[in-house]
Amino acid sequence: SWSTPVATKINIPGAPQNSDKNVLIFSGGYDTSQDLAATGTDAVGNALYIVDAVSGRLLWHASDANATLNVENMQYSIPSDVKVLDMNSDTFADRMYVGDMGGQVWRFDIHNGQPASSLVTGGVIAQLGGAPNGSPSAADSRRFYYAPDLALIGDEYSSFLHIGIGSGHRAHPNSLTTQDRFYALRDYEPFTAFTQAQYDARTPITDADLLDITNDVNAAVPVGSPGWRFELRDGGWVGEKVLAEARTFNNQVFFTTFTPNSGVLSAGCGPALGTNRVYIMDLVTGAPVNNLDNSADEDNLTETDRYREFQGSIASEVSFLFPSPDDPVNCVGDECTPPPVACVGLFCFPPGFGNDPIRT
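Note that the structure is predicted; figures quoted are calculated from it, not measured. (Residues numbered from 1 in each chain as written. Predicted model: local features only at pLDDT ≥ 70, side-chain atom pairs only at ≥ 80, totals over all residues. Heavy atoms only, no water.)

## Here's the deal with the overall build of the chain
Working step 1: The helix and strand tally for the chain stands at two helices and 21 strands.
Working step 2: For 360 residues, the compact-globule formula gives about 21 Å, and the C-alpha radius of gyration of the chain, at 21 Å, lands near that figure.
Working step 3: Considered along the principal axes of its C-alpha atoms, the chain spans approximately 65 × 60 × 40 Å.
Working step 4: Counting only residues that meet the buried cut, the chain has 48% of its 360 residues in that class.
Working step 5: A separation threshold of at least 6 residues defines the contact pool for the chain, and within that pool the share at least 24 residues apart is 60%.
Working step 6: As presented, the chain carries roughly 16,100 Å² of accessible surface, and 50% of it is formed by carbon and sulfur atoms.
Working step 7: Considering the chain, the positive charge centre built from 20 side chains and the negative charge centre built from 43 side chains are found 5 Å apart. (Helix = DSSP H or I, 4+ residues; strand = E, 2+ residues; numbered from the N terminus. Rg over C-alpha atoms; globule rule 2.2 N^0.38 Å. Buried < 20%, exposed > 50% of the residue type's maximum accessible area, 1.4 Å probe, protein only. Contact = heavy atoms within 4.5 Å. Areas by Shrake-Rupley, 256 points an atom, 1.4 Å probe, with all protein chains shown as cover. Lys, Arg positive; Asp, Glu negative; His and termini not counted. Charge placed at Lys NZ, Arg CZ, Asp CG, Glu CD.)

## Topic: the pairing of strand β9 (residues 120-127)
Within a regular strand, the side chains alternate between the two sheet faces.
Working step 1: The element β9 is extensively covered by neighbouring structure, given that eight of its eight residues are classed as buried.
Working step 2: Sheet topology note: the strand β8 (residues 104-110)/β9 ladder contains seven bridges and is antiparallel. The residue of β9 that forms the bridge with Gln104 is Gln127. (Pairing = 2+ DSSP bridges.)

## A short note on the sheet that holds β9
Working step 1: Read across the open sheet, the four strands follow the order β6-β7-β8-β9; overall the sheet is antiparallel. A single partner strand is all that each edge strand has here, and the edge strands are β6 (83-85) and β9. Across the sheet, the mean angle separating the axes of adjacent strands is 15° when strand polarity is ignored.
Working step 2: Both β6 and strand β7 (residues 95-99) contribute to a ladder of three bridges, which runs antiparallel. Looking at β7, one finds that Val84 is bridged to Met96. (Axes fitted to C-alpha atoms, helices over the stretch in contact; angles between N-to-C directions.)

This is how it looks when you write it as structure tokens:
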């Protein structure tokens, strides 16, 4: 397994659990067949596990066969962390989301109080890469190495769980072949638990279902839409890829990308720095929200206002820091609530958050 185990609580009657119901949830890992340019099904790593946090005893697992929950589309390894949620705030986990090497996004409902055989229902909610095509092209072999970012969004028209995830071939960061994308998916039934029959009958979201906002800074994403997609093809398909988790902050999506130095690659030289970008886009529409290209016309935001560039090796995810005041005893007004700072490694910038942050 590559994933960081998630510590949580799940109640499984009849299972040999510790008295506090503490468990760990993690994914199966990585199959080295994914080192190839084109996606293929995997023999290992295509699983999710729930184990007792004290004894390590296996309590439940999912795979395509010989598991507690057998799901036929789980044929691709899952190196990603698993995002685990408690949707009803009872301190017990009841939802999981994760992506895989086939470009699929999974959702699982945990039914606390049920035995292991009926504890979890789930299935694929989006197919955005090579799956289910058994022989996809290298260009379409989008992979998800990192967990999706989740945020509950509501307005006067609708509410949904935003699922932000980007594709990229981590095993080959200098590759120029895959046409990678960032996706903002929408789950309109975040508080509904589905039966396995309902999951089995579900039609996954595909690329064609999503609104392409790549060249449209004023996109109107319809109410009820499954979401939008952003194609990483500024300047053509030059190998730009997402190699870290996205973050949602202040109704905006923050994610980083890496683009290899194609000139150095073609010259046959050794390792070299590529170009990193940090994108900041409106969560609902994908529109630019700040004058990031520092143009004179601050009110007319264009495609280049969606990102900032900086040099370096592969960028991490964006972190948000909330500084303390320089003098918490004698500070006055705004001095007492310094604005937050967003950082990617040592590259830091103001995220444009206007409210006074208060620790709670």
